[in-house]
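As a plain string of letters, each chain reads:
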Protein chains: 2
Amino acid sequence: MSFERSNIANMQGYVPGEQPKQDNVIKLNTNENPYPASPQVQAALEGIRLNDLRLYPQALAKNFRQVAAERHGVKEENIIPTNGGDELLRLALTTFADSGEIIATTQPSYSLYPVLACIQDCNLIEIPLLDDWSMPEDFIDQLNSLQAKMCLLVNPHAPTGKLITVDSIKKIASNFPGVLIIDEAYVDFVDPSESYNCVPLIREYENILILRTLSKGYSLAGLRFGYGIAHKTLANPMMFKTRDSYNTDHIAQKLATAALQARDYVEANWETIRNSRTKLTDALNQLGLVTGSSQTNFVLSQVPAEPGAEALYAALQERNILVRYFRQPRLEDKLRISIGSEQENAALITAITEIVAGQAPRV
Amino acid sequence: MSFERSNIANMQGYVPGEQPKQDNVIKLNTNENPYPASPQVQAALEGIRLNDLRLYPQALAKNFRQVAAERHGVKEENIIPTNGGDELLRLALTTFADSGEIIATTQPSYSLYPVLACIQDCNLIEIPLLDDWSMPEDFIDQLNSLQAKMCLLVNPHAPTGKLITVDSIKKIASNFPGVLIIDEAYVDFVDPSESYNCVPLIREYENILILRTLSKGYSLAGLRFGYGIAHKTLANPMMFKTRDSYNTDHIAQKLATAALQARDYVEANWETIRNSRTKLTDALNQLGLVTGSSQTNFVLSQVPAEPGAEALYAALQERNILVRYFRQPRLEDKLRISIGSEQENAALITAITEIVAGQAPRV
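All values derive from a computational prediction rather than experimental measurement.

Student: Any details on the overall build of chain A? Residues and values, ideally.
Tutor: Regarding its fold elements, chain A presents 14 helices and 12 strands. Against the 2.2 N^0.38 benchmark of 21 Å for 363 residues, chain A shows a C-alpha radius of gyration of 21 Å, consistent with a compact globule. Along the first, second and third principal axes, the C-alpha atoms of chain A reach 60 × 55 × 55 Å. Going through the 363 residues of chain A one by one, you find that 54% of them count as buried. When contacts within chain A are restricted to residue pairs at least 6 apart in sequence, those whose partners lie at least 24 apart make up 73%.

Listed below in structure tokens is the structure:
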């Protein structure tokens, strides 16, 4: 017997990357930050009192919204705190996309989008990126001929690491009448020389919703804290209608607020990861794994036919090194590799060197 | 300009009870527990390591599910951990109730239900309880003639505190072909002499979904942790399809697991609150506020025309005592009062005594 709605009965759930049980694993498969959160977050954790947990948290996460608004130069009304970035995506669909409507994204893209579309009984249409992962010239025309209600863009892009410019986003927002979601989960790792900042666009464009998360840039994947930045036209219905009243908890609010306040610490962390990214990219290319430049905390590497991406993934897993393999069109010959610590990256390179050389001794 | 779906554009959001900013308030308005969580929860909090927050939490909250399953004598597959009980309710609607379908509940009931129904574009039908707050004899017939897809019952009932029996629930589950949600947010405060336990029913009835929360009985409203108990027919699609992959965070999982393990501590706490409830009920009745027996951590008191419920609510608020007033049919002459500590309850009684006596000196 099944009680499910037909769209739910017919769908497959999202499969998250593996979370290994043992401790001796080098985990480069789900884009976590290799370094812990700031001492300010530690202090906030130590400041949590059991007695404060008796009471419901701030329903509107007022302190967090104030700090986030100040950090981004917007108003409190523009900040939508959520239980992880994934919740913001779900909330956006719940609020703005009716059953049967079209949601557009690129191919490839974040593999959660199709799942969220199924849950909301929407049709997800994937517009293929060009071979160099840039957007097709007629992207806006395609969006509009689809009559899409919503467009989901991850920028910098996952899983390719490519960044599209603020001007491109502006052009889409101006010419597309639907809701444009810019999923900036990886934005903290963009090279500052790119001068990438979409936040000011929300003043002019009521249809832009920017997603931020503390999972990657702030080393807090375990805390589940994300937020949206948007004009109140989009923010208000999510804040006051569709969001669970207490969607973020007391501890998460306190730690997230502290995390955002420790600017110097996180900026140094991002710089470290960018430097590691450059080194890892060079080393992978030298090993024959074709790895383009990335603006995120991961790289996408094309693996030569020998050993092949899936076999390399499995051989690394045997050595307790986890990377991400997607059995998907255009990705089945590639691996997505998170930037680890210097030691982790070096261990990865050593392992790949051995596997590629066919020596592959077990460690 | 609005981008909202029409059902969202036309709805009003849920208004949670006030969360006062100042500290010197006696807070009896949102059914929080007056005593803090157990020392075991404190130890779990102290055991949280920043470095563990770098990584995504257990997607399936495996440790918590094991402990909860053992606690209730069910299997892990029967436990659905959620970000507060409200998330379980939302997930159930998302998974099982299609747009346009009928969801039934009682009148009165938890005021979040109509909001969740609006979000899912369902029609909520409220079946009035009898004057003594018991279920009408033909409740099942009404459900079935409505062709309801889902029925939401809060048991023990909010805001009246009344308990319906396991036999009544069994009878509904047997004769109603839809999903029957038993919202047991307050079940921990039921008198043990009632021998109330619906959990074993999930083996026989695939259509029962029981809601539990750590907000009240475990003094953890600020943590946001709830869970469902159900046959895997209902549990699986929520666990593996519609739930956000990482809906409960690392800290919440750890603290919730510790909370469930400290049985002796919470049972003593519940007994204390039951004793306070008896005393408070007697004192309110003596003051002319007609207060029936309650199986929850609150009472519902009918206030005489002088001073009237809304005026008494306002007069208490002036004295920094918060209780809950619902401007709703059948409730506008009543106040819902959470059971506080002995001191808080005594302060409430003193204040009401003064207000009723018309002395009402400001303190």
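Student: Hey, could you go over helix 14 (residues 342-356) of chain A for me, with residue numbers and the actual values?
Tutor: The periodicity of an α-helix, 3.6 residues per turn, causes residues three or four positions apart to be oriented the same way. All names here are of chain A. When the terminal C-alpha atoms of helix 14 are compared, their 21 Å separation across 15 residues agrees well with the 21 Å that a helix rising 1.5 Å per residue should span. Residues of helix 14 that are buried include every one of N345, L348, A351, I352 and I355, and no others. All buried residues of helix 14 lie within an arc of 125° about the axis, which places them on one face of the element. The inward-facing, buried residues of helix 14 abut strand 1 (26-27), helix 12 (263-286), helix 13 (309-318) and strand 11 (321-322). Phi turns positive, to about 75°, at G358, one or two residues after helix 14.

Student: Tell me what's going on with the relation of the copies chain B and chain A, and back it up with residues and numbers.
Tutor: Each copy of the sequence occupies a distinct position, and chain B is placed on chain A by a rotation of 180° and an axial shift of 0.0 Å, giving an RMSD of 0.0 Å. Taken together, these values place the two copies in the relation of a two-fold axis. The position closest to the rotation axis in chain B is occupied by the C-alpha of E46 of chain B, lying 3.9 Å away. Taken together, the interface assignments show that 100% of the residues at the interface of chain B recur at the interface of chain A, consistent with an identical surface on both copies.

Student: Can you lay out the sheet that holds strand 6 (residues 179-183) of chain A for me, pointing to particular residues and giving the numbers?
Tutor: Residue and element names in this part refer to chain A. The mixed open sheet is built from 7 strands, whose spatial order is 2-8-7-6-5-3-4. If you trace the sheet from one side to the other, it starts and ends with strand 2 (79-82) and strand 4 (123-128), each paired once. On average, each strand axis in the sheet is inclined to that of its neighbour by 25°, with strand direction left out of account. The sheet contact formed by strand 3 (residues 102-107) and strand 5 (residues 150-154) spans 3 bridges and is parallel. Each residue of the ladder has a partner; that of A104, found in strand 5, is C151. Here helix 10 (residues 232-242) sits on the sheet and contacts strand 2, strand 6, strand 7 (208-213) and strand 8 (226-230); the angle it forms with strand 8, its principal contact strand, is near 140°.

Student: Any chance you could break down the nonpolar core for me, citing the residues and the numbers?
Tutor: Residues I181 and L255 of chain A together with I181 and L255 of chain B are the most contacted members of the largest nonpolar core, which totals 228 residues. Contacts of I181 of chain B, omitting those with residues within four sequence positions, involve A92, M150, C151, L152, L153, L209 and L211 of chain B.

Student: Go over the interface of chain B and chain A, please, and point to the residues and values.
Tutor: Listed as interface residues are 64 residues of chain B and, on the opposing side, 64 residues of chain A. Only helix 2 (39-46), helix 3 (50-53), helix 5 (85-96), helix 10 (232-242) and helix 11 (250-261) of chain B provide two or more residues apiece to the side of chain B that touches chain A. Of the residues assigned to the side of chain B that touches chain A, the class counts are 29 nonpolar, 21 polar and 14 charged.

Student: Before we move on, could you go through the pairing of strand 8 (residues 226-230) of chain B and cite the residues and values that matter?
Tutor: Residue and element names in this part refer to chain B. Across the 5 residues of strand 8, 5 count as buried, placing the element largely inside the fold. Neither face of strand 8 is exposed, since G226, G228 and A230 on one face and Y227 and I229 on the opposite face are all buried. In this sheet, strand 8 lies alongside strand 2 (residues 79-82) in antiparallel orientation, the contact comprising 4 bridges. In the strand pairing of strand 8, I79 is matched with I229. Pairing of strand 7 (residues 208-213) with strand 8 involves 5 bridges; the strand directions are antiparallel.

Student: Residue-level account of unusual backbone geometry, with values.
Tutor: Following A158 of chain A, the chain continues to P159 of chain A via a peptide bond in cis, the omega torsion being 10°. Considering the arrangement of structural elements, one finds P159 of chain A in the loop between strand 5 and helix 8 (166-175). Residue Q107 of chain B is joined to P108 of chain B through a cis peptide bond whose omega torsion reads 0°. Its location among the elements puts P108 of chain B in the loop between strand 3 (102-107) and helix 6 (113-119). Of note, W133 of chain B is a non-glycine position whose phi angle comes to about 70°, a positive value. You can see W133 of chain B is positioned in the loop between strand 4 (123-128) and helix 7 (139-146). Taking the C-beta count within 10 Å as the criterion, W133 of chain B has 17 such neighbours and is therefore assigned partly exposed. A positive phi is found at R224 of chain B, a non-glycine position, where the angle reads about 60°. The exposure class of R224 of chain B is buried, given the 33 C-beta atoms found within 10 Å.

Student: Mind laying out the environment of L234 of chain B, listing which residues take part and the relevant values?
Tutor: Along the polypeptide, L234 of chain B turns up in helix 10. As for L234 of chain B and D52 of chain B, which are separated by 182 residues in sequence, their C-alpha atoms are 32 Å apart. In this view, L234 of chain B contacts F3 of chain A together with V179, E206 and L209 of chain B; residues no more than four positions away in its chain are not counted.

Student: Give me the packing of helix 2 of chain B against helix 11 of chain B: which residues, what numbers.
Tutor: Residue and element names in this part refer to chain B. At a minimum axis separation of 8 Å, helix 2 and helix 11 run at an interaxial angle of 155°. Looking at the two axes, helix 2 sits roughly antiparallel to helix 11. Crossing hand, helix 2 versus helix 11: right-handed. When helix 2 is examined against helix 11, the residues Q40, V41, A43, A44 and L45 are found in contact with a partner set consisting of K254, L255, A258, A259 and Q261. A breakdown of the residues in the contact of helix 2 with helix 11 according to their chemical character gives 7 nonpolar, 2 polar and 1 charged.

Student: Tell me what's going on with the domain arrangement of chain A, and back it up with residues and numbers.
Tutor: Residue and element names in this part refer to chain A. Domains assigned within chain A are domain 1 (12-36 + 264-356) and domain 2 (39-261). Counting residues at the interface gives 24 residues for domain 1 and 21 residues for domain 2. Looking at the side of domain 1 that touches domain 2, the element that brings in the most residues is helix 12, giving 4 residues. Considered class by class, the residues forming the side of domain 1 that touches domain 2 number 11 nonpolar, 9 polar and 4 charged.

Here is what the cut-offs are and how they apply
- Residues numbered from 1 in each chain as written.
- Chains lettered and ligands numbered in written order.
- Predicted model: local features only at pLDDT ≥ 70, side-chain atom pairs only at ≥ 80, totals over all residues.
- Helix = DSSP H or I, 4+ residues; strand = E, 2+ residues; numbered from the N terminus.
- Rg over C-alpha atoms; globule rule 2.2 N^0.38 Å.
- Buried ≥ 20, exposed ≤ 12 C-beta atoms within 10 Å, placed from the backbone.
- Contact = placed C-beta atoms within 7 Å.
- Expected span 1.5 Å × (residues − 1).
- Arc of directions from axis to C-beta.
- Least-squares fit on C-alpha atoms with pLDDT ≥ 70 in both.
- Pairing = 2+ DSSP bridges.
- Axes fitted to C-alpha atoms, helices over the stretch in contact; angles between N-to-C directions.
- Core = buried A, V, L, I, M, F, W, Y, C linked by C-beta atoms within 7 Å.
- Nonpolar A, V, L, I, M, F, W, Y, C, P; charged D, E, K, R; others polar.
- Parallel < 35°, antiparallel > 145°, perpendicular 65-115°, else oblique.
- Left-handed = near helix turned anticlockwise from the far one by under 90°.
- Domains from an automatic or database assignment.

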